[in-house]
Amino acid sequence: MGKAATHEGPLALTARAPRVPADRLVAEMVPPPRFGVVSFDNYLPDPNQPSQAEAVRVLRDFAAGLGDQAGAAGGGGRRWFRRAAKPAATRTPRGVYLDGGYGVGKTHLLASLWHATPAASERKAFGTFVELTNLVGALGFQETVRTLSGHRLLCIDEFELDDPGDTVLVSSLLSRLVESGVALAATSNTLPGKLGEGRFASADFLREIQGLSAHFRPLRIDGDDYRHRGLPEAPPPYPHETVTQVAHRTPGASLDDFRALLDHLSTVHPSRYGAMSDGIHAVCLTGVVPVPDQSTALRLVVLADRLYDREVPVLASGAPFDQLFSEEMLRGGYRKKYFRAISRLTALARDAKSLAEA
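As the structure is a computational prediction, the values presented were derived from the model and not from experiment.

### Regarding the packing of aromatic side chains
Okay, so step 1: This model, assessed by the stated rule, comprises 1 aromatic pair.
Okay, so step 2: Relative to Y338, the ring of F325 lies with its centre 4.6 Å away and its plane at 20°, an arrangement referred to as stacked. Pair noted here: F325 is in the loop between β8 (314-318) and α12 (327-331) and Y338 is in helix α13 (residues 335-351), with a separation of 13 residues, a long-range link. Accessibility classification places F325 together with Y338 in one group, the buried group.
Okay, so step 3: Against the face of Y308 rests R34, its NZ or CZ located 3.9 Å from the ring centre.
Okay, so step 4: For K124, the ring lying beneath its charged end belongs to W114, and the centroid distance is 4.2 Å.

Dropping the structure here:
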């Protein structure tokens, strides 16, 4: 009779520095676990926001159109990519861009499009803007073009407009992929202070991707952040002792001093943060403080995204998550990332409440 499994105490993110091969980066370009089974059917449009239902309709048609085009090729080949080009005035856009604020369900819709597109999973790619730039860094530009050009659809979540170098890099990549017949879909965020001011994010997006703008149809999605819609406020930070106790009694939990974790993140490439959280079922942090500088803050944003993707609850002591970033940061060029991180960490803190009350 085998031995019963024992709980040997918490893990530590600071003890992890995984090596991630490039082929894993490509193979993992699928919707994250949080969005692994979403669909257009289980997206619940707000009846007070007709743009949400309209987005579902347009995206259903977009996915079906990809299937029609593939079928017209006869046998799933790519001959449909080689058809004579239509005049620019009548050409159907090969991409859609979901423009809206935080928590209106853009990622849910983007993942639903990925699932609904009639193609094998290895011919569809889904990743964040940061993951795409990391892929280029791992494979090189030409190899990334070669790897993705055989895909039917590339979905890019959280398209970033705040780094001109990366934006031009991805714009060049997407131009090459469009030439190969790859359909595109992307999301980005309107700043909280800009909600209701028309197509702020859409205008930024279409300007920054320069010659690609003709390939995208912008879809405005209005609404409130569903993570806070009708839900209680995120729980305040817990005492140090509570966080430590939860970490020790929860199988698969990690326990780290927040400052030590921030230091450790500087030694691990952001493309590996997902692998760093493999097997982690809860993250416990002690001594949370405002981040000291922008480089540290941007690394924390990536970690928050990976934890959110994997639905890993976060229990913390110290400063509340809405005090992580200074007022200067929240007014600066990376403010969209910081607001997103606050929103996501708040949701994960709410998820962790049951651990503290167990």
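From this point, the discussion proceeds with the structure in view.
### Some remarks on the packing of helix α9 (residues 258-265) against helix α11 (residues 294-309)
For any two helices packed against each other, one specifies the crossing angle of their axes together with the interaxial distance.
Okay, so step 1: Viewed as axis vectors pointing N to C, α9 and α11 meet at an angle of 95°, and their least axial separation amounts to 10 Å. Taken together, the axis directions place α9 and α11 in an arrangement best described as roughly perpendicular. In this structure, α9 contributes F258, L261, L262 and L265 to the contact, and α11 contributes T296, R299, L300 and L303.
Okay, so step 2: Partitioned by chemical class, the residues of the contact of α9 with α11 number 6 nonpolar, 1 polar and 1 charged.

### Things to note about the confidence of the model for the protein
Okay, so step 1: Scored by pLDDT, the protein comes out at a mean of 82, with 79% of its residues at no less than 70.
Okay, so step 2: Predicted confidence is poor over residues 1-6, with pLDDT under 50, and the contacts of this stretch with residues over four places away or in other chains come to 0 contacts.
Okay, so step 3: When the criterion is pLDDT under 50, residues 70-91 qualifies, and its contacts beyond four places in sequence or with other chains add up to 24 contacts.

Rules behind the numbers
- Residues numbered from 1 in each chain as written.
- Predicted model: local features only at pLDDT ≥ 70, side-chain atom pairs only at ≥ 80, totals over all residues.
- Heavy atoms only, no water.
- Phe/Tyr/Trp six-rings, centres within 6.5 Å; stacked < 30°, edge-to-face > 60°.
- Helix = DSSP H or I, 4+ residues; strand = E, 2+ residues; numbered from the N terminus.
- Buried < 20%, exposed > 50% of the residue type's maximum accessible area, 1.4 Å probe, protein only.
- Lys NZ or Arg CZ within 6 Å of the ring centre and 35° of its normal.
- Axes fitted to C-alpha atoms, helices over the stretch in contact; angles between N-to-C directions.
- Parallel < 35°, antiparallel > 145°, perpendicular 65-115°, else oblique.
- Contact = heavy atoms within 4.5 Å.
- Nonpolar A, V, L, I, M, F, W, Y, C, P; charged D, E, K, R; others polar.
- pLDDT = per-residue confidence, 0-100.

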